[in-house]
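Spelled out from the first residue to the last, the chains are:
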Amino acid sequence: MTTKYLFYTGGVVSSVGKGVTAAATGLLLKERGFKVAVQKLDPYINVDPGTMSPYQHGEVYVLDDGAETDLDLGHYERFIDIRLSRSSNFTSGQVYAEIISKERRGDFLGGTIQVIPHITNEIKRRVAGIAKETNADVVIVEVGGTVGDIESQPFLEALRQLRNEVGRENVFFIHVTWLPQIGATGEIKTKPTQHSVAALRSIGISPNMIIARADQRIDKELCDKIALFCDVEKEAVVPMTTSDVLYEVPLLLEKAGVGDYLVQKLGMKATRQPDMKPWEKLVERVRKPKPTVKVALVGKYVELQDAYMSVREALKHAALHNDVEVEIGWVHSADLEKDKGWDIIQQSDAILVPGGFGSRGIEGKVMAARYAREKKVPYLGLCLGMQVMCIDFARGVLNHEDANSSEFDRSTEYPVIDLMTDQRSITDMGGTMRLGLYPCELQEGSKAAEAYGEKRVEERHRHRFEFNNAYKKDFEQGGMVFSGMSPDGKLVEIAEIKDHPFMVASQFHPEFLSRPMKPHPLFSGFIKAAKEKNGKK
Ligand code: GLN
């Protein structure tokens, strides 16, 4: 079958759920038997999304191959249940860097380098590249940002050109827009959508479908008006009211006929009927009233919850499958140092310390780990969360008052967390981390092994520092179990405290492999322990 392309653009404003919509469409196509690939094009100039502040872009999502990507890739993986690779995400910066380095090498033999054709060719090469690499039936490409942004123009131009090259019948442009509501009259307005479609058409792209987002119900007449003004078929204007349940989006799109419409318009042959029952059941389960467990999430970027997107989703998945509701208490770790935020910790059934970098708020995280250890509150540590658990253990159990990670105190006498030896000489911030999938062997009888029900697992990593093996024996004698190790026995992957209901922490990031239908075993074990604690109250 000829590869088909779905190009997603955004209109009016950003953050209206373009990524979720693209991901959900991917699911509808996968359910019809098609092989789906996904790619996100980020218009910013950064070359390395891994070094971007979580405050501006939310979490950095890590893939199997170690690519540090935009958080939308998390939506794709969770909805479609696929494993993406590096070629699923690229930025303008990477495209420019590639072309400029070619120019420096003299590859263009003194020619003038221009946005068209050099930059657009490189964009096309990458979009066509993923089609080839994955051998997908359908390639979903999401252009970040909003139509009208200066920096996304080369992307749109490249996609416009690509449409002619691969054949118009193989390309579908889907524009996701926002319909604002006027407070005084309650009226929902389509004008910004009309303008944004006009902007698209001015660069030669007429959308084939408009997904109209709003917080309110969108009437049929309004959709027909959009169809008329924006020159789109009536059936191709899809109203999408904000849902209280994220995982309802595929069901809403399916009900609106999006799956069948795409298959028909792109001349594809579905090999099976979509089975959306599991998703219906999932949404039903989410809506069913359940007892609540409270989890205190002690982090550094808590003002922007997107910074912990995958952690939050993984908690929700695990809660759902444990038949509880999870309520997250967001605690700023630096507050704990100032005697604030402890009320949230005290009211919680469990404590989670996620990943992070830099020394701000570290002591607060160590305090949270101490509280969990001493009060026997279920604890899950993710990456930095494992490191602070070890720091507290060294200080509180082994009496090494000065213990620390050399990331935070270079001159500590007890660097229980230290740089990996082969990284000592590296000073550059980008590209120096242990990234991506690595195997981990589990110790029989441990809580981790019990949670996983397996002997060997593979998990995604993103860190520079490691548990320092010089202290391994001391820790074990003190009651810590290193229940997950790299197969060569050299790197600690999971640590847990023996005499505790559930104090388990991993050097890797389990949150990236949690799926709505398949919660991550460590998160499940954690929520189960939280539920037990809650039941005892
Ligand atoms: N800063 C720590 C390290 O580099 C932890 C990283 C993380 O939590 N992702 O090892």
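Residues numbered from 1 in each chain as written. Predicted model: local features only at pLDDT ≥ 70, side-chain atom pairs only at ≥ 80, totals over all residues. Heavy atoms only, no water.

**Digging into the packing of aromatic side chains**
Phase 1: Using the criterion set out here, one finds 17 aromatic pairs in the structure.
Phase 2: Pairing Phe79 with Trp279 gives two aromatic rings, centres 6.0 Å apart and planes at 5 degrees, and the pair type is stacked. Highlighted residues: Phe79 in helix 3 (residues 72-80) and Trp279 in helix 11 (residues 277-287), separated in sequence by 200 residues. Taken as a pair, Phe79 and Trp279 share a single burial class, namely buried.
Phase 3: When the ring of Phe90 is compared with that of Phe155, the centres are 6.0 Å apart and the planes differ by 65 degrees; the resulting orientation is edge-to-face. A residue pair is termed long-range when its members are at least 10 positions apart, and Phe90 in strand 5 (residues 89-91) and Phe155 in helix 6 (residues 153-166) qualify at 65 residues. Assigned by exposure class, Phe90 and Phe155 land together as buried.
Phase 4: Members of the aromatic cluster, connected to one another through ring pairs, are Phe393, Phe467, Phe475 and Phe482.
Phase 5: Positioned above the aromatic ring of Phe90, the side-chain terminus of Arg126 is 5.2 Å from the ring centre. (Phe/Tyr/Trp six-rings, centres within 6.5 Å; stacked < 30°, edge-to-face > 60°. Helix = DSSP H or I, 4+ residues; strand = E, 2+ residues; numbered from the N terminus. Buried < 20%, exposed > 50% of the residue type's maximum accessible area, 1.4 Å probe, protein only. Lys NZ or Arg CZ within 6 Å of the ring centre and 35° of its normal.)

**What to know about the site of the ligand**
Phase 1: In the vicinity of the ligand, the residues found are Gly355, Gly356, Phe357, Cys383, Leu384, Gln387, Glu407, Arg462, His463, Arg464, Phe465 and His509.
Phase 2: A distance of 2.9 Å separates an oxygen atom of the ligand from a polar backbone atom of Gly356.
Phase 3: Separating an oxygen atom of the ligand from a backbone N or O atom of Phe465 is a distance of 2.8 Å.
Phase 4: Relative to its unbound accessible surface of 300 Å², the ligand loses 99% to contact with the protein. (Near = heavy atom within 4 Å. Polar contact = N/O pair within 3.5 Å; in protein donor to acceptor, adjacent residues only side chain to side chain. Areas by Shrake-Rupley, 256 points an atom, 1.4 Å probe, with all protein chains shown as cover.)

**Digging into the confidence of the model for the chain**
Phase 1: Per-residue pLDDT for the chain has a mean of 93; in total, 98% of the residues score no lower than 70.
Phase 2: When pLDDT is averaged over each helix and strand of the chain, the minimum, 75, is found for helix 2 (residues 54-57) and the maximum, 98, for strand 13 (residues 379-382). (pLDDT = per-residue confidence, 0-100.)

**Comments concerning the sheet that holds strand 6 (residues 138-143)**
Phase 1: In spatial order, the strands read 5-2-6-1-7-8-9; together these seven strands make up an open sheet with parallel pairing. Lying at the two open borders of the sheet, with one neighbouring strand each, are strand 5 and strand 9 (237-241). Sheet twist, expressed as the average angle between the axes of neighbouring strands with direction ignored, equals 20 degrees.
Phase 2: Here five bridges tie strand 7 (residues 171-178) to strand 8 (residues 209-214), and the two strands are oriented parallel to one another. Counterpart to Val176 in the pairing with strand 8 is Ile211.
Phase 3: Sitting on the sheet, helix 8 (residues 220-230) touches strand 8 and strand 9, and the angle it makes with strand 9 is about 135 degrees. (Pairing = 2+ DSSP bridges. Axes fitted to C-alpha atoms, helices over the stretch in contact; angles between N-to-C directions. Contact = heavy atoms within 4.5 Å.)

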